[in-house]
Amino acid sequence: MIRNPTQQRLKELFYYNQETGVFTRLIGVPGVKFKTGDTTSQKVNSSGYLRIMVDGVRYQAHRLAWIYVHGDIPNQMHIDHINRDRTDNRICNLRLATNQQNRQNSNANLNNTSGKKGVYWHKRDACWYVAIGVAGKLKHLGYFKDRVSADLARDQAEKIYFKYIVTGKQIGRA
């Protein structure tokens, strides 16, 4: 497992603008195209995350932003993009999240017929099927003849099961 760079090391190498989420190199890298004053975060990986090279290793920019501002990332925790834009690395858009919280804040799967997470067209019965995953278990919310009712059922379930308060570095249930 690759260890994250320390906050101290990041501050030696970069300036991080918390308002824009952009890193600027303070030190060039000899023999490599990186020069002092270059902005980073231009390389996007196959998952859509911006990457930055630090001491020969590529890291996701949002993780480096968190470390730069707050220090290390606690074990078992993820850094979540609140607005779901994987290229928006402003510190106000990042939060600590458990794996479950991070997954709850993800977009619908590409094969989803409604475009809304947990709402699917059920061909055989010609209606909308609604479900929500909670604590590793799928909860069936019902079948609905119209899409508006299905979306409303999902929204209400999210309010019940996924109501989180974001305060500084911690996320807790309401």
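Every value quoted in this text rests on a predicted model; they were computed, and no experiment measured them. (Residues numbered from 1 in each chain as written. Predicted model: local features only at pLDDT ≥ 70, side-chain atom pairs only at ≥ 80, totals over all residues. Heavy atoms only, no water.)

Student: Looking at this model, I keep getting lost on unusual backbone geometry. Mind explaining?
Tutor: Peptide bonds are mostly trans, and most non-glycine residues show a negative phi. Residues other than glycine seldom take positive phi values, yet Q76 does so here, at roughly 70°. Structurally, Q76 can be placed in the loop between α2 (61-70) and β6 (78-81). On the basis of relative accessibility, which here comes to 74%, the residue Q76 falls in the exposed class. A positive phi angle, near 50°, is found at A126, a position not held by glycine. Positionally, A126 belongs in the loop between β8 (119-122) and β9 (127-134). The partly exposed category is assigned to A126, whose relative accessible area is 40%. (Helix = DSSP H or I, 4+ residues; strand = E, 2+ residues; numbered from the N terminus. Buried < 20%, exposed > 50% of the residue type's maximum accessible area, 1.4 Å probe, protein only.)

Student: What's the story with the nonpolar core in this structure? I'm lost.
Tutor: Where a protein is soluble and globular, its nonpolar side chains tend to be buried together. Core analysis: the largest hydrophobic core is formed by 20 residues, its most contacted members being L10, F14, F23, I52, V54, L64 and W66. Among the secondary structure elements, those contributing two or more residues to this core are α1 (7-13), β1 (14-17), β4 (50-54), α2 and β7 (94-97). In this structure, V130, F144, A150 and A153 belong to the second largest nonpolar core, which totals six residues. (Core = buried A, V, L, I, M, F, W, Y, C linked by side-chain atoms within 4.5 Å.)

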